[in-house]
Structure formats: C-alpha cells, structure tokens
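Given next are the chains, with one letter for each unit.
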Amino acid sequence: MRDETRKTWIVVADGGHARILLNKHRDEGVSELPLVSKHDPRLAHHHRELASGVHHEPVFKPTEEKRNEDRFLNTLAETVQTGVAKKECDQLVLVAPATAMGLLRKALSKQTHQHVVAEIVHDYTHQDNATVWKHVKDKMPL
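Please read all numbers here as calculations on a predicted model, not as lab measurements.

Conventions used here
Residues numbered from 1 in each chain as written. Predicted model: local features only at pLDDT ≥ 70, side-chain atom pairs only at ≥ 80, totals over all residues. Heavy atoms only, no water. Helix = DSSP H or I, 4+ residues; strand = E, 2+ residues; numbered from the N terminus. Buried < 20%, exposed > 50% of the residue type's maximum accessible area, 1.4 Å probe, protein only. Contact = heavy atoms within 4.5 Å. Areas by Shrake-Rupley, 256 points an atom, 1.4 Å probe, with all protein chains shown as cover. Arc of directions from axis to C-beta. Core = buried A, V, L, I, M, F, W, Y, C linked by side-chain atoms within 4.5 Å. Pairing = 2+ DSSP bridges. Axes fitted to C-alpha atoms, helices over the stretch in contact; angles between N-to-C directions. pLDDT = per-residue confidence, 0-100. Salt bridge = Lys/Arg side-chain N within 4 Å of Asp/Glu carboxyl O.

**Quick look at the overall build of the protein chain**
Alright, step 1. The number of helices and strands found in the protein chain is 4 helices and 7 strands.
Alright, step 2. Helices and strands appear in the protein chain in the N-to-C order β-β-β-β-β-α-β-α-α-β-α.
Alright, step 3. Taking all 142 residues of the protein chain together, 44% fall into the buried category.
Alright, step 4. The contacts of the protein chain with a sequence gap of at least 6 include a subset with a gap of at least 24, amounting to 66%.
Alright, step 5. For the protein chain, the accessible area works out to roughly 7900 Å², and carbon and sulfur atoms hold 51% of it.

Right under this line is the structure:
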C-alpha cells in the first residue's frame, strides 16, 4: 500500500543556487517548489516567514564571496526549517558539494536534522530535475 502522506523535500544547493524538489512517493518523480527567485532561496508561499534558530559562526574573517555564500545557505536553512516546522515535509534529502553541505549542516537545527534521511555530497545544481531524481531516488529509504 502506498503512503500518500509522506512528503520528501530534496534540497539541491551550492553556495549561490538552490531549488527544493518535492517527492510524495519513491516510485514517482519530483516537482519543483517555487522559490522567491534563483538568488533568494525562500519558498514563495512563506511570505517572509522563516524559522529562527539558524546558527553559523565563522571562525575566520571570510571574503565577500564567502559571506554571500554563508548568507545564502543560512537563508536556505531557514526555509527548510520553516517547512519542517509547518509540517510541509516529513523527511529531507540534502544534495550539495562538500563545502556547501558543511555550511548547511551547521546552519540546520537539531530538530531539523532529525528529518534528514540522506545526504549526497555532489553538485547537481546545474542538472535538470529528472537527472537529480535519478541520482537521489536510490539513496532514499523505502
């Protein structure tokens, strides 16, 4: 029997691009959730409502590019945390290159980490959704 209520967000990101894909069943594909813009990783329907508790403190003085990446990934983490808090997703799959994955891990709260079912350290931000799904679906729990 299919579990129609399970919603998995597949968060695909690097330091400046992100998208959130929704999967409702492992045998189905994904649909892309609308973000504010390609440079603003907030869900359009959250209307500036974001969860609190995102934390990340650099241990060195970062460059402007690094600060922009940190800001971008912190905003993405807030978006993900808001989705979890509002029960818009049941589980998370994080897909990012190593540096971005590390920053995203640090920015997510302990409660949000409990929803992470898989992490894929790879940059798929410039791949289409079907390609991302092909690489992600076997990493998801049944």
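**Section: helix α2 (residues 98–107)**
Alright, step 1. Along α2, the residues that are buried comprise Ala 100, Met 101, Leu 103, Leu 104 and Ala 107. Down the axis of α2, the smallest arc covering the buried residues is 165°, so these residues share one side. Away from its buried face by more than 90 degrees, α2 exposes Ala 98, Thr 99 and Lys 106.

**Structural notes on the nonpolar core**
Side chains that are nonpolar tend, in soluble globular proteins, to be buried together.
Alright, step 1. If you look at the biggest cluster of nonpolar residues, it comprises 26 residues, and the most contacted ones within it are Trp 9, Ile 20, Leu 73, Leu 76, Leu 92 and Leu 94.
Alright, step 2. No other element matches the 6 residues that helix α1 (residues 64–85) contributes to this core.
Alright, step 3. Not counting residues up to four positions away in its chain, the partners in contact with Leu 76 are Val 11, Ala 13, Ala 18, Ile 20, Pro 41 and Leu 104.
Alright, step 4. By size, the runner-up hydrophobic cluster in this structure holds 12 residues, among which are Ile 10, Ile 120, Val 136 and Met 140.

**Here's the deal with the pairing of strand β5 (residues 40–43)**
Alright, step 1. Neither face of β5 is open: one carries Asp 40 and Arg 42, the other Pro 41 and Leu 43, and all of them are buried.
Alright, step 2. In the sheet, strand β4 (residues 35–37) pairs with β5 via 2 bridges, with the strands oriented antiparallel. If you follow Leu 35 over to β5, its bridge partner there is Leu 43.

**Quick notes on the sheet that holds strand β7 (residues 116–121)**
Alright, step 1. Taken together, 5 strands build an open sheet; the order of strands is β3-β2-β1-β6-β7 and the sheet is mixed. Among the strands making up the open sheet, the edge pair consists of β3 (31–33) and β7. The mean angle between the axes of side-by-side strands here comes to 25°, regardless of whether they run parallel or antiparallel.
Alright, step 2. Here 5 bridges tie strand β6 (residues 91–96) to β7, and the two strands are oriented parallel to one another. The residue of β7 that forms the bridge with Val 95 is Ile 120.
Alright, step 3. Together, β1 (8–13), β2 (18–23), β3, β6 and β7 form the strand contacts of helix α4 (residues 129–136), whose direction differs from that of β2 by roughly 65°.

**A word on the confidence of the model for the protein chain**
Residues shown with low pLDDT carry predicted positions that ought not to be read at fine detail.
Alright, step 1. Put simply, the protein chain has an average pLDDT of 84, and 81% of its residues get 70 or more.
Alright, step 2. β6 holds the highest mean pLDDT among the elements of the protein chain, 97, whereas β4 holds the lowest, 82.
Alright, step 3. Low pLDDT, under 50, characterises residues 50–59; the stretch is placed with 23 contacts to residues that sit more than four places away or in other chains.

**Considering the pattern of salt bridges**
In a structure, side chains of opposite charge can pair up when their charged atoms sit close to one another.
Alright, step 1. One pass over the structure, following the stated rule, counts 3 salt bridges.
Alright, step 2. In this structure, the salt-bridge partner of Arg 42 is Asp 40, at a minimum N-O distance of 2.4 Å. The same class applies to Arg 42 and to Asp 40, which are both buried.
Alright, step 3. Arg 105 is paired through a salt bridge with Glu 119; the nearest N and O atoms lie 2.7 Å apart. Taken together, the residues span a long stretch of sequence, with Arg 105 in helix α2 and Glu 119 in strand β7 at a distance of 14 residues.
Alright, step 4. According to the relative accessible area criterion, Glu 119 is partly exposed, its value standing at 34%.

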